[in-house]
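Coordinate analysis (summary)
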Amino acid sequence: MTGKRKSGFFGGIHPTDGSDKALTDRKPIRILEPDTVTIYLNQSLTGGCKPLVKEGEQVVKGQLIARSEGFARDHLHASVTGRVEKITEIGEKGSSRTAFVIARLGEETEEPAGTYQKEFSDLSGYSREEILERMMEGGLVGMGGAGFPTYKKYDGGKLDWLLINGAECEPFLTCDHRLMLEEGYRVLNGVRLLLKASGAKKAYICMEENKQDAAGHLQDLMSGALQGAAKMTEPVEIRLLPVRYPQGGERQLIQTVLGVEVPQGGLPASVGAVVSNVGTAAACADAVLGGKPLTHRIVTVTGLVKDPGNYRVPIGTPIRQLLDACGGVTAEKNRVIIGGPMTGNCVATDWKGEELPFVTKTTSGVVVLPEFASQEQPCIRCGGCERVCPAGLIPYQIDSAYRQEDFDLCEKLYASECIACGCCSYTCPARRELTWTVRAARDTVKQRMRERKAGN
């Protein structure tokens, strides 16, 4: 049914026993439609957008409300039908972000499922250029967390391999798992479109082997095993991978599945590959086959909440409302993390109901964990961080060089290759903030490289 390959990347860890995912991986996706959404004007790393609507205007769901004209465009669309109450600055941890606040007008009419969500679509009428155009106009970005505009990844010419990332290796998160189980045709039609856009000779749908049910379901759809169903003819293979974090890292996935290593400073395209998340594939099907821009996404809400689950919500949904929908937080001493516990951003400690940030296109989860206070101890040179670093770095040496502001040494130690996965901090017996310092060293080294390049 599926191909399996021994994990081929260096390092990595096993951060949990799997009971974390069991909180939500068997529960169907729920729907949550808030009365008000707050949509950040900047949803990616490529810069902001220019507003196209004003305060007091009425908008309809899917309407273009901000257009990006930068190097890589990530347009914004209204995620509800309502009135733009205000365009304001939202303060967060000493900084602020411009956002649209839209109040819903009336109940949303439930849209009937498109045929592409129930069977394989005929793609013969779609050219590569049209697919790219619809991805751009639909505001598609990488929904696994990176947030880079999707069309730009496929705009560089023909590639050899397409990897669809369904590994979901972060502890606690199951939104991709439920998407593949519940909306298989939507995912597979998106994979077919991305394959056509890339010009690749083959696609691999990659997931960890703890998702056997999702792998089996997609395989049944692909083979036409359901009564009266058509068989998928494109060269797509499901690849099961060992459960090992960070299996879903872009470079680690390429190394495991294709057996090649992306060179220092290079992109996947340099080895003929492109990687997209399964959520991005599903959103591509919406944009191209359904004519619907990216306005909603699935978010895992789990941890120390009464009733964990996965929710399909509009972009701009208040995180506070998601926690309320799960019955609230169950521990006074807590830490609220947006994203996964390894790479996510802690937005509150000892949360008691105050306002939190809002769902963006890249918000995959909201995890509530026990508050854990620790104090850094001197490094004991055990080498544990070096053994688990999937980028093959020596984190404790980079940490020491950065703290001494020896940025030349940071560069010689290849700090620029850090993927900020958190493995080093997780395994450190001295509780040193290795991830923070190595990531800061990476950013410093990259900035120095850019300045040197600009000066030449």
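Residues numbered from 1 in each chain as written. Predicted model: local features only at pLDDT ≥ 70, side-chain atom pairs only at ≥ 80, totals over all residues. Heavy atoms only, no water.

If you look the protein up in an unreviewed UniProt entry, it shows as Ion-translocating oxidoreductase complex subunit C from Candidatus Pullilachnospira stercoravium. Checking UniProt for the protein, the heading Subunit (unreviewed entry) contains the comment "The complex is composed of six subunits: RnfA, RnfB, RnfC, RnfD, RnfE and RnfG." What the UniProt record of the protein gives under Function (unreviewed entry) is the line "Part of a membrane-bound complex that couples electron transfer with translocation of ions across the membrane." (UniProt positions renumbered as here; feature names shortened; annotations may be inferred.)

Section: the overall build of the protein
A tally of regular secondary structure across the protein gives 13 helices and 18 strands. Scaling as 2.2 N^0.38, a compact globule of 456 residues should have a C-alpha radius of gyration of about 23 Å, and the protein matches this with 22 Å. Reported as C-alpha extents along the three principal axes, the dimensions of the protein are approximately 60 × 50 × 50 Å. Counting over 456 residues, the protein shows a buried share of 54%. Looking at the protein alone, contacts between residues at least 24 apart form 73% of all its contacts between residues at least 6 apart. (Helix = DSSP H or I, 4+ residues; strand = E, 2+ residues; numbered from the N terminus. Rg over C-alpha atoms; globule rule 2.2 N^0.38 Å. Buried < 20%, exposed > 50% of the residue type's maximum accessible area, 1.4 Å probe, protein only. Contact = heavy atoms within 4.5 Å.)

Quick look at the state of the cysteines
A disulfide bridge is the covalent bond that connects two cysteines by way of their sulfur atoms. Throughout the structure, instances matching the rule amount to zero disulfides. Free of any disulfide, C389 has its nearest neighbouring cysteine sulfur in C421, separated by 6.2 Å. This cysteine, C418, is not joined by any disulfide, and C424 carries the nearest cysteine sulfur, 6.6 Å off. (Disulfide = S-S within 2.5 Å.)

Notes on the environment of G279
The residue G279 is located in helix α7 (residues 278-289) in this model. In this structure G279 comes out as buried when scored by relative accessible area, which is 9%. Put simply, G279 and V260 are 19 residues apart on the chain and 25 Å apart in space, counted from C-alpha to C-alpha. Leave out the neighbours within four places in its chain, and G279 touches M143, D176 and L179.

Quick notes on the UniProt feature "binding site: [4Fe-4S] cluster 1" (unreviewed entry) in the protein
As recorded in UniProt, the sites labelled "binding site: [4Fe-4S] cluster 1" (unreviewed entry) are C379, C382, C385 and C428. These annotated residues cover 50 residues of sequence, but their C-alpha atoms sit close together, with the largest distance between any two at 10.7 Å. Mapped onto the elements, C385 comes out in helix α9 (residues 384-388). Non-local contacts of C385, meaning those with residues more than four positions away in its chain, are made with P395, Y396, C424, T427 and L434. For C428, the location among the structural elements is in the loop between α12 (423-427) and α13 (434-455).

Comments concerning helix α4 (residues 184-198)
In an α-helix, one turn spans 3.6 residues; hence positions three or four apart end up facing the same way. In a regular helix each residue adds 1.5 Å, so 15 residues correspond to 21 Å; α4 covers 21 Å between its end C-alpha atoms and thus fits that length. A large share of α4 lies buried, amounting to 14 of its 15 residues. Following α4 by one or two positions, G199 has its phi on the positive side, about 70°. (Expected span 1.5 Å × (residues − 1).)

Here's the deal with the nonpolar core
M135, L162, I205 and M207 are the most contacted members of the largest nonpolar core, which has 54 residues in total. Of all elements in the fold, only α1 (128-137), β10 (161-165), α3 (175-182), α4, β11 (202-208), α5 (212-223), β12 (236-241) and α7 reach the threshold of two or more residues within this core. No other element matches the nine residues that α7 contributes to this core. Residues L32, V313, I338 and V366 belong to the second largest nonpolar core, which totals 19 residues. (Core = buried A, V, L, I, M, F, W, Y, C linked by side-chain atoms within 4.5 Å.)

Brief notes about helix α10 (residues 395-403)
What α10 keeps buried is the set P395, Y396, I398, D399, A401 and Y402. Here the buried face of α10 lies against α9, α11 (407-412), α12 and α13. Directly beyond the C-terminal end of α10, a positive phi value near 60° is found at E405.

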